Number of protein chains: 2
Amino acid sequence: MTLQPFNIGGLSRQTGVNIETIRYYEKIGLLPPPARSQGGFRQYEDRHLQRLRFIRRGRDLGFSIDSIRALLTLAERPDSPCEGADQMVLLHLDEVERKIADLTLLRAELRKMKNCCGRVVAQCQIIGSLVAPRE
Amino acid sequence: MTLQPFNIGGLSRQTGVNIETIRYYEKIGLLPPPARSQGGFRQYEDRHLQRLRFIRRGRDLGFSIDSIRALLTLAERPDSPCEGADQMVLLHLDEVERKIADLTLLRAELRKMKNCCGRVVAQCQIIGSLVAPRE
DNA sequence: CGTTGACTCTGTAGTGGCTCCAGGGTCCAT
DNA sequence: ATGGACCCTGGAGCCACTACAGAGTCAACG
């Protein structure tokens with residue numbers, strides 16, 4: 001538990017979130033604006049730290065800003081049903097699985113392409129398969 | 001072999017590339033500007049079709065616009081050595097493999113998260129793991 | 001008390017690769 | 001001559017940041 005408020009740099013170090021990104025999150029209303037010092041420096045408290053860690057973790061898991069916004073709203077109402085969260089995870093999981101499938105196909109294509117002729121472009125398999133894909 | 005020049009809509013249909021995207025490719029110098037009709041319509045020829053198909057295929061394979069530019073330059077010089085193309089494919093393959101690995105980890109995390117409690121947010125595993133990740 | 005140097009502020013613009021739109025002009029078949 | 005499909009340009013918007021300029025603040029040291 002941090003008792004003293006800290007600057008944006010401290011918050012950045014404690015969360016691994018870029019300073020510019022923190023300010024950006026404030027601008028788009030994801031992180032509440034903190035108090036300011038007399039000179040105008042942002043003074044963060046523990047609640048900001050908690051919230052930013054939540055956001056960071058959500059981003060690391062690949063959730064969009066909008067999804068995180070929804071998850072934060074949910075998290076703030078401990079008595080509300082959590083189907084919404086469940087749905088979002090399932091949706092996102094689907095998306096991730098689709099991406100993995102796509103990239104796996106891509107990888108296969110690229111593996112077919114490599115092992116180039118080693119000579120000149122005219123015989124090059126890579127260029128060739130871009131001009132007309134091998135079936 | 002198409003003999004008559006065709007409009008942007010025709011080029012779009014033959015390649016599956018959006019009209020707006022075609023104009024964008026022209027603007028960034030990826031597709032050479034075609035002749036124009038008296039009224040100012042773009043009139044494409046076979047070489048544009050070939051080139052755009054190459055671009056499309058490169059994009060489908062996940063290459064960046066810059067990489068495609070380089071590959072096109074290579075493709076235009078049939079006598080040049082094709083190490084460059086080889087390098088680019090290998091680099092891109094590495095990247096794709098890294099992405100697959102990342103997404104696979106992500107998928108595992110998301111699978112751990114799902115099967116939510118089915119009740120309220122206070123006991124919700126999803127929200128919980130965003131607040132403090134399970135180890 | 002003054003200076004130094006690390007830190008922070010605001011506002012704006014840029015990234016990639018498109019996509020969308022408004023407000024107009026063109027083309028061609030009827 | 002007209003209708004409807006097509007096309008034009010220029011600019012803004014998308015996502016989630018990132019980079020920068022030019023200025024101001026803070027705290028420790030001498």
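Cut-off values and rules
Residues numbered from 1 in each chain as written. Chains lettered and ligands numbered in written order. Predicted model: local features only at pLDDT ≥ 70, side-chain atom pairs only at ≥ 80, totals over all residues. Heavy atoms only, no water. Helix = DSSP H or I, 4+ residues; strand = E, 2+ residues; numbered from the N terminus. Buried < 20%, exposed > 50% of the residue type's maximum accessible area, 1.4 Å probe, protein only. Contact = heavy atoms within 4.5 Å. Areas by Shrake-Rupley, 256 points an atom, 1.4 Å probe, with all protein chains shown as cover. Near = heavy atom within 4 Å. Polar contact = N/O pair within 3.5 Å; in protein donor to acceptor, adjacent residues only side chain to side chain. Nonpolar A, V, L, I, M, F, W, Y, C, P; charged D, E, K, R; others polar. Phe/Tyr/Trp six-rings, centres within 6.5 Å; stacked < 30°, edge-to-face > 60°. Salt bridge = Lys/Arg side-chain N within 4 Å of Asp/Glu carboxyl O. Axes fitted to C-alpha atoms, helices over the stretch in contact; angles between N-to-C directions. Parallel < 35°, antiparallel > 145°, perpendicular 65-115°, else oblique. Least-squares fit on C-alpha atoms with pLDDT ≥ 70 in both.

1. Re the overall build of chain A
Helix and strand counts for chain A come out as 6 helices and 2 strands. Helices (α) and strands (β) of chain A occur, in sequence order from the N terminus, as α-α-β-β-α-α-α-α. Seen through its C-alpha atoms, chain A measures out along the principal axes to roughly 70 × 40 × 25 Å. Out of the 135 residues belonging to chain A, those deemed buried represent 39%. A separation threshold of at least 6 residues defines the contact pool for chain A, and within that pool the share at least 24 residues apart is 39%. For chain A, the accessible surface area stands at approximately 7900 Å², while carbon and sulfur atoms represent 50% of it.

2. A word on the protein's contact with DNA strand C
In the vicinity of DNA strand C lie 21 residues, with G9, R23 and R42 of chain A together with E20 and R59 of chain B positioned nearest. For DNA strand C, the fraction of atoms within 4 Å of the protein that belong to sugar or phosphate moieties is 75%. Here S37 of chain B contributes a side-chain N or O atom positioned 3.0 Å from a phosphate oxygen of DNA strand C. At the level of secondary structure, the elements contributing two or more residues to the surface near DNA strand C comprise α1 (8-15) and α2 (19-27) of chain A together with α2 (19-27) of chain B. Element by element, the count of residues in the surface near DNA strand C is highest for α2 of chain B, at 4 residues. Across the surface near DNA strand C, the residue classes tally to 7 nonpolar, 8 polar and 6 charged.

3. Quick word on the packing of aromatic side chains
Residues and elements named next belong to chain A. As enumerated under the stated definition, the model contains 2 aromatic pairs over all chains in all. On the basis of an interplanar angle of 45 degrees and a centroid distance of 6.0 Å, the ring pair of Y24 and Y25 is categorised as tilted. Using a relative accessible area of 8% as the deciding quantity, one classes Y25 as buried.

4. Points about the pattern of salt bridges
Residue and element names in this part refer to chain B. Applying the stated criterion to the full structure yields 18 salt bridges over all chains. For R36, the salt bridge identified is with E26, shortest N-O distance 4.0 Å. Placement of the pair is R36 in strand β1 (residues 35-36) and E26 in helix α2, with a sequence separation of 10 residues. Looking at R36, the relative accessible area reads 43%, which means it is partly exposed.

5. Some remarks on the protein's contact with DNA strand D
Neighbouring DNA strand D are 20 residues; E20 and R59 of chain A together with G9, R23 and R42 of chain B lie closest to it. S37 of chain A is positioned with one of its side-chain polar atoms (N or O) 3.0 Å from a phosphate oxygen of DNA strand D. Between R36 of chain B and DNA strand D, the recorded distance is 3.0 Å, taken from a side-chain N or O atom to a phosphate oxygen. Breaking the surface near DNA strand D down by element, the ones donating at least two residues are α2 of chain A together with α1 (8-15) and α2 of chain B. Sorting elements by how many residues they give to the surface near DNA strand D places α2 of chain A first, with 4 residues. Tallied by class, the residues present in the surface near DNA strand D amount to 7 nonpolar, 8 polar and 5 charged.

6. A look at the interface of chain A and chain B
Contacts between the two partners involve 50 residues from chain A and, on the opposite side, 50 residues from chain B. For the pair chain A and chain B, the number of links is 4 salt bridges. Secondary structure elements with two or more residues in the side of chain A that touches chain B: α3 (46-60), α4 (65-75), α5 (83-113) and α6 (125-131) of chain A. For the side of chain A that touches chain B, the element with the most residues is α5 of chain A, which contributes 18 residues.

7. Some details on the packing of α1 of chain A against α2 of chain A
Residue and element names in this part refer to chain A. Interhelical geometry of α1 versus α2 gives an angle of 105 degrees and a closest axis separation of 9 Å. In this view, α1 runs roughly perpendicular relative to α2, as classed from their interaxial angle. Taken together, the residues of α2 that come into contact with α1 (itself represented by I8, G9, L11 and S12) are I19, I22 and R23. Taken together, the residues of the contact of α1 with α2 break down into 4 nonpolar, 2 polar and 1 charged.

8. Examining the relation of the copies chain A and chain B
What relates the two chain copies is a rotation about an axis together with a slide along it. Laying chain A over chain B is done by rotating through 180 degrees and shifting 0.0 Å along the axis; what remains is an RMSD of 0.1 Å. Read as a symmetry element, the transformation amounts to a two-fold axis. Rotation axis and chain A: the residue whose C-alpha lies nearest the axis is I100 of chain A, separated from it by 2.9 Å.

9. Things to note about the environment of L61 of chain A
Within the secondary structure, L61 of chain A is located in the loop between α3 and α4. Judged by relative accessible area, L61 of chain A falls into the buried class, the value being 2%. As for L61 of chain A and L93 of chain A, which are separated by 32 residues in sequence, their C-alpha atoms are 9.9 Å apart. If near-sequence neighbours (up to four positions away) are discounted, L61 of chain A is found in contact with H92 of chain A together with L106, E109, M113 and L130 of chain B.

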